[in-house]
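Summary of the model geometry
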Amino acid sequence: MRQFGRTVRADQVNSTYNSVRLRGVRRPGPNLPMRNPFLGRAGVRSIKVRAGPAILMTVLLLSRGLSASAQTPTPTAAITVSNGSGSPGQSGASIPVSLASLNGAQVTGLNFDLSFDTARLSLSNVTIGQAASDAGKNLSFSQPADGTVRVIVFGVNVTPIAEGDVANVIFDVLPSAPGGGSALSLSNAAATNPSGGGVTTSLSNGSFTVLASPTPTPPPTATSTPTPTATRTPTP
C-alpha cells in the first residue's frame with residue numbers, strides 16, 4: 001500500500017499503531033476491534049481493523065440477507081375466474097377467465113382445468129377472450145371428466161397476450177338447480193413465454209350462485225254468490 005507518496009510493505013504497517021479514525025469514529029490503542037459506524041443498517045457487519053498512521057481503511061461486508069432481498073421477483077401468470085350467477089333454467093351464463101402478467105411475465109400460451117358443480121350447471125360452450133384474440137391466439141376445449149372443462153389457449157406466433165380476458169366459459173343453469181353458491185375451481189394450469197419456457201402460474205378461483213326462484217303467488221280463488229230464487233206468492 002502507499003503512504004504519503006511512498007510504498008509501504010504490509011509487514012511494515014504493524015509496527016506502531018496510533019488512533020484510527022473511521023468515518024468520525026475514534027478509538028485509541030493498537031489492534032483494537034473497530035465497530036463499523038454503519039452497523040445497524042441492513043446488510044453491514046463489523047470487522048476488526050488494523051491500520052497504521054494516516055491510513056484509512058473502510059470495509060463493508062454485505063450480509064446474505066441483503067443479497068437475498070435484491071433478487072429479481074419471479075415473473076408470474078395470474079389466472080383468475082370471475083364470479084357469476086343465474087336462475088334455474090337460464091341458459092348462456094358467461095364466466096370470464098382473465099390473465100394478469102406479474103413481474104414482467106410474457107405469456108404466449110396457457111392452459112387450465114376448470115371444475116364446476118354438475119348438480120347446478122352444465123357446460124354449453126367456451127369462447128376465446130378478447131385479450132387472447134387480439135394476440136392472434138386460438139382456443140380449444142374438452143371435458144376430460146364430468147364436471148371439468150379443459151381449456152387451451154395457443155397460437156403459431158410468439159406474441160405475448162396482454163392482460164385481460166383469455167376465455168369465456170358458458171354454462172346453462174339446470175332447471176332443477178338448488179339455490180345457493182358453488183365453487184368454480186382452477187387446476188392443472190401452465191403457461192409459456194416467447195422462448196418456449198415455462199412461466200410460474202398463480203390461480204384465483206371463483207364461484208357461481210344459483211338464484212332462488214321466487215315463490216309464485218297463487219291466483220285468488222273465485223267464489224260464487226248464490227242467486228236468490230224468485231218465489232210465487234199465492235193470490236187470496
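This is a predicted model, so every value here is computed, not measured.

So, the overall build of the protein chain
In terms of helices and strands, the protein chain carries two helices and 17 strands. Split into buried and exposed, the 236 residues of the protein chain put 29% on the buried side. Of the contacts made within the protein chain by residues no fewer than 6 positions apart, 68% connect residues no fewer than 24 positions apart. Counting every atom, the protein chain has about 14,500 Å² of accessible surface; 52% of that belongs to carbon and sulfur.

So, the side chain of Lys-137
By secondary structure assignment, the location of Lys-137 is in the loop between α2 (130-134) and β12 (138-145). An unpaired buried charge is present at Lys-137: no salt bridge exists, and Asp-134, the closest side chain of opposite charge, is 12 Å distant. There is a polar contact of 3.0 Å between the side chain of Lys-137 and the backbone oxygen of Thr-159. What Lys-137 contacts, discounting residues up to four positions off in sequence, is Thr-108, Ile-128, Ala-132, Val-153, Phe-154, Gly-155, Asn-157, Val-158, Thr-159 and Ile-161.

Re the nonpolar core
Leu-110, Phe-171 and Leu-184 are the most contacted members of the largest nonpolar core, which totals 35 residues. A per-element tally of this core places strand β14 (residues 164-173) first, with five residues.

Structural notes on the environment of Gly-147
Checked against the element boundaries, Gly-147 lands in the loop between β12 and β13 (148-154). Residue class for Gly-147 comes out buried when judged on its relative accessible area of 4%. On a C-alpha basis, the gap between Gly-147 and Thr-118 in space is 5.5 Å, while along the polypeptide they are 29 residues apart. Discounting residues that sit within four places of it in the chain, Gly-147 has contacts with Leu-114, Ser-115, Phe-116 and Thr-118.

Looking at the pattern of salt bridges
Tallied over the entire structure, the rule returns two salt bridges. For Asp-113, the salt bridge goes to Arg-150, with nearest N and O atoms at 2.7 Å. Placement of the pair is Asp-113 in strand β10 (residues 109-115) and Arg-150 in strand β13, with a sequence separation of 37 residues. Arg-150 sits in the partly exposed class, given a relative accessible area of 33%. The shortest N-O distance in the salt bridge between Arg-120 and Asp-117 comes to 2.7 Å. Classification of Arg-120 by relative accessible area gives buried; the value is 13%.

A few points about the pairing of β10
Most of β10 is tucked away, with five of its seven residues classed as buried. Here β10 pairs with strand β15 (residues 180-192) via six bridges, running antiparallel. In the strand pairing of β15, Gly-109 is matched with Thr-192. Alignment of β10 against β13, held across six bridges, turns out to be antiparallel. Bridge pairing in β13 places Ser-115 opposite Thr-148.

Notes on the environment of Glu-163
With respect to the secondary-structure elements, Glu-163 resides in the loop between β13 and β14. Note: C-alpha distance between Glu-163 and Gln-130 (33 residues apart in sequence) is 9.8 Å. The contact partners of Glu-163, leaving out residues within four places of it in the chain, are Leu-99, Ala-100, Ser-101 and Ala-131. At a separation of 2.9 Å, a polar atom in the side chain of Glu-163 contacts the main-chain amide nitrogen of Ser-101.

Describing the confidence of the model for the protein chain
Within the protein chain, residue pLDDT values average 78, and 61% of them lie at 70 or more. Within the model, the stretch residues 34-49 combines pLDDT values under 50 with 40 contacts to residues more than four positions away or in other chains.

With respect to the side chain of Asn-168
Relative to the helices and strands, Asn-168 is located in strand β14. For Asn-168, a relative accessible area of 15% corresponds to the buried category. Those residues in contact with Asn-168 that sit more than four places away from it in its chain are Ser-94, Ile-95, Pro-96, Asn-125, Val-126, Thr-127, Ile-128 and Gly-129.

Definitions and limits used
- Residues numbered from 1 in each chain as written.
- Predicted model: local features only at pLDDT ≥ 70, side-chain atom pairs only at ≥ 80, totals over all residues.
- Heavy atoms only, no water.
- Helix = DSSP H or I, 4+ residues; strand = E, 2+ residues; numbered from the N terminus.
- Buried < 20%, exposed > 50% of the residue type's maximum accessible area, 1.4 Å probe, protein only.
- Contact = heavy atoms within 4.5 Å.
- Areas by Shrake-Rupley, 256 points an atom, 1.4 Å probe, with all protein chains shown as cover.
- Lys, Arg positive; Asp, Glu negative; His and termini not counted.
- Salt bridge = Lys/Arg side-chain N within 4 Å of Asp/Glu carboxyl O.
- Polar contact = N/O pair within 3.5 Å; in protein donor to acceptor, adjacent residues only side chain to side chain.
- Core = buried A, V, L, I, M, F, W, Y, C linked by side-chain atoms within 4.5 Å.
- Pairing = 2+ DSSP bridges.
- pLDDT = per-residue confidence, 0-100.

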